[in-house]
Protein chains: 2
Amino acid sequence: MAPRKEQQIFRATLDLLAEKGYDGLTVEGVAERSGVNKTTIYRWWPSKAALLAAALVEADLLTLEQPDTGSLRKDLEALVTGMAGLLTRPPSADVALAALGAAVRHPEMAAAARRFFTERLAGEAEIFERARRRGELPASADPLLIMDLLGGAVWLRVAFRGMPLDDGFAARAVSAVLDGVVREDGTCP
Amino acid sequence: MAPRKEQQIFRATLDLLAEKGYDGLTVEGVAERSGVNKTTIYRWWPSKAALLAAALVEADLLTLEQPDTGSLRKDLEALVTGMAGLLTRPPSADVALAALGAAVRHPEMAAAARRFFTERLAGEAEIFERARRRGELPASADPLLIMDLLGGAVWLRVAFRGMPLDDGFAARAVSAVLDGVVREDGTCP
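It should be emphasised that the depicted structure is a prediction, and the values quoted were computed from it without experimental measurement.

## Examining the domain arrangement of chain A
Residues and elements named next belong to chain A.
1) Next: Per the domain assignment, the segments making up chain A are domain 1 (3–58) and domain 2 (64–179).
2) Next: Put simply, the middle of domain 1 and the middle of domain 2, counted by C-alpha atoms, are 25 Å apart.
3) Next: Taken together, the contacts link 13 residues of domain 1 with 15 residues of domain 2.
4) Next: For the pair domain 1 and domain 2, the summed buried area comes to about 1200 Å², and 75% of that belongs to carbon and sulfur atoms.
5) Next: Summed over the three residues of domain 1 that lose the most area to domain 2, namely Y22, L56 and V57, the buried surface amounts to 47% of that side.
6) Next: If you look at where domain 1 meets domain 2, you find 1 salt bridge.

## Digging into the UniProt feature "domain: HTH tetR-type" (unreviewed entry) in chain A
1) Next: When the UniProt feature table is mapped to this numbering, "domain: HTH tetR-type" (unreviewed entry) covers residues 3–63 of chain A.
2) Next: Summarising residues 3–63 of chain A: 79% helix, 0% strand, and an end-to-end C-alpha distance of 15 Å.

## Some points on the UniProt feature "DNA-binding region" (unreviewed entry) in chain A
1) Next: Mapped onto the present numbering, the UniProt feature "DNA-binding region" (unreviewed entry) falls at residues 26–45 of chain A.
2) Next: Secondary structure over residues 26–45 of chain A splits into 75% helix and 0% strand, and the C-alpha atoms at its two ends are 12 Å apart.

## Considerations on helix α5 (residues 72–88) of chain B
All names here are of chain B.
1) Next: Here α5 spans 24 Å end to end across 17 residues, near enough to the 24 Å set by a 1.5 Å rise per residue.
2) Next: Of all 17 residues making up α5, 12 are buried, and the element is well covered by its neighbours.
3) Next: Taken together, the buried positions of α5 are occupied by L72, D75, L76, E77, L79, V80, G82, M83, A84, G85, L86 and L87.
4) Next: In this structure, the buried residues of α5 make contact with α6 (92–103), α7 (107–133), α8 (143–160) and α9 (169–179).

## Brief notes about the interface of chain B and chain A
1) Next: Contacts between the two partners involve 48 residues from chain B and, on the opposite side, 48 residues from chain A.
2) Next: In total, chain B and chain A occlude about 4200 Å² of area from one another, counting both sides; carbon and sulfur atoms represent 65% of this.
3) Next: Contact with chain A buries surface across chain B, with F160, R161 and V181 of chain B losing the most and accounting together for 17% of the total.
4) Next: Across the contact surface, chain B and chain A share 6 salt bridges.
5) Next: Across the pair R161 of chain A and D148 of chain B runs a salt bridge whose closest N-O atoms are separated by 2.7 Å.
6) Next: If you look at where chain B meets chain A, you find 12 residue pairs in polar contact (both at pLDDT 80 or more).
7) Next: It is α8 of chain B that provides the largest number of residues to the side of chain B that touches chain A, a total of 14 residues.

## Details of the pattern of salt bridges
1) Next: Applying the stated criterion across every chain yields a total of 28 salt bridges over all chains.
2) Next: Here E58 of chain A ties to R115 of chain A by a salt bridge, and the two come within 3.9 Å at their closest N and O atoms. On the criterion of sequence distance, the pair formed by E58 of chain A in helix α4 (residues 48–58) and R115 of chain A in helix α7 (residues 107–133) is long-range, its members being 57 residues apart.
3) Next: Residue classification places E58 of chain A among the partly exposed residues on the basis of a relative accessible area of 36%.
4) Next: Given a relative accessible area of 36%, R115 of chain A falls into the partly exposed group.
5) Next: For D148 of chain B, the salt bridge identified is with R157 of chain A, shortest N-O distance 2.6 Å. Within this pair, whereas D148 of chain B is found in helix α8, its partner R157 of chain A is found in helix α8 (residues 143–160), the two belonging to separate chains. By the burial criterion, D148 of chain B is buried, and R157 of chain A matches it.

## With respect to the side chain of S34 of chain A
Residues and elements named next belong to chain A.
1) Next: Tracing the backbone shows S34 in helix α2 (residues 27–34).
2) Next: Here the side chain of S34 touches V36 through a polar contact of 3.3 Å, landing on its backbone nitrogen.
3) Next: Filtering out sequence-adjacent residues up to four positions away, S34 remains in contact with Q8, I9, A12 and I41.

## Points about the relation of the copies chain B and chain A
1) Next: Of the transformation superimposing chain B on chain A, the axial component is 0.0 Å and the angular component is 180°, with the fit at an RMSD of 0.0 Å. The superposition operator between the copies reduces to a two-fold rotation axis.
2) Next: In this assembly, 100% of the residues forming the interface of chain B have copies in chain A that are likewise at the interface, indicating an isologous arrangement.

The rules behind these values
Throughout this document, residue positions are counted from 1 along each chain, in the order its sequence is written. To read the labels, note that chains go from A and ligands from 1, taken in the order they are written. Reporting of local features is limited, given that this is a predicted model, to residues whose pLDDT is at least 70; pairs of side-chain atoms are given and counted only at 80 or more, and all residues count toward the totals for whole chains, interfaces and linings. To obtain the side-chain values, all non-hydrogen atoms of the structure were included, while hydrogens and water were left out. Residue ranges for the domains originate in an automatic or database domain assignment. Whether two residues touch is decided by their heavy atoms; if any such pair falls within 4.5 Å, the residues are in contact. Once two parts are put together, the accessible area they lose, assessed with a 1.4 Å probe and summed over both, is termed the buried area. In the sections that follow, a salt bridge refers to a side-chain nitrogen of Lys or Arg positioned within 4 Å of a carboxyl oxygen of Asp or Glu. UniProt positions are given in the numbering used here, feature names are shortened, and annotations may be inferred rather than shown by experiment. Think of it this way: any DSSP run of H or I at least four residues long counts as a helix, any run of E at least two long counts as a strand, and we number them from the N terminus. Each residue after the first adds 1.5 Å to the expected span of a helix. Under the scheme applied here, a residue whose accessible area is under 20% of the maximum for its type counts as buried, over 50% as exposed, and between as partly exposed, the area being computed with a 1.4 Å probe on protein chains only. We define a polar contact as two N or O atoms separated by no more than 3.5 Å, with the added condition that, inside protein, one atom must be a possible hydrogen donor and the other a possible acceptor, whereas residues neighbouring each other in sequence contribute only through side-chain atom pairs. We superpose the copies by least squares over the C-alpha atoms of residues that have a pLDDT of at least 70 in both of them.

Below is the structure:
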């Protein structure tokens, strides 16, 4: 399928998820919204769950550019800023929160969410590989843990606490995880 | 109201939320499940949202004991272990995930979730106060950020990644935030 047509289908899928919730999302509705024939959609994705999983992982709307700034700190700050943007600005914020709400109620949606986070981590692995080659990160450091701390903090603050993320949030969160919080200035004496 | 009766009402409220979701939760249902008269419940909590907010904040089911081990590290490890237990073991896991799913769709439920997290942070503030008095934490350290990193990591891994939390998770997560990940052994030379 042509990439532009595929993105139209994904965008219609995610918009309908945000508007109607998982139960209200139908392949028929996606066909109508995207202007693509229903049988064409079914030929590529055999079910609503398969279509939604593909849309979550591949839609431009939820894609974060993988930063490559030359420093782990700046790469992670860019990732946190990107995640914060996705989770606070419509339409991506509505889509992400609807997906989250559906993931805890529908096993097939939970599988799509897991695939989304697994694909993300695979992309983020390069950031940590480069940092190791530059000597910025010891071999013992755990990229999954680092991403769970940073990504989790953004989710918790935005989705559960309903708090805004100020400009300094990314730098403070990344510094806490890279440098630790027990030293006054975040560096070794 | 007698504390035991109140806990019966809260527990019925949370169980019904987990079983039927926010839309299926009714004060009538809570009255039936708890054996407490509907008008009595309404006298104390004027709406379903008010009852649910009270249940989230005050129910024994979701209460974490505030640790006081004498060390910030052990206190935070105990908190993370406690959060992990709440989010992975039924019935509290079902309740927490149902509350999360509802919070992203219902504004009044989101307000209840915010109140829950605000009350938690107020309890956790004592842990950080004691740590400061013992000289374990500089004045610049931000308890809200520390709790968002740790609590967020637990949520992300359990609720979104669907991954188990092994026994060492709490110690590794707390060490990442207290000591940072950029030094091999987590301590200054």
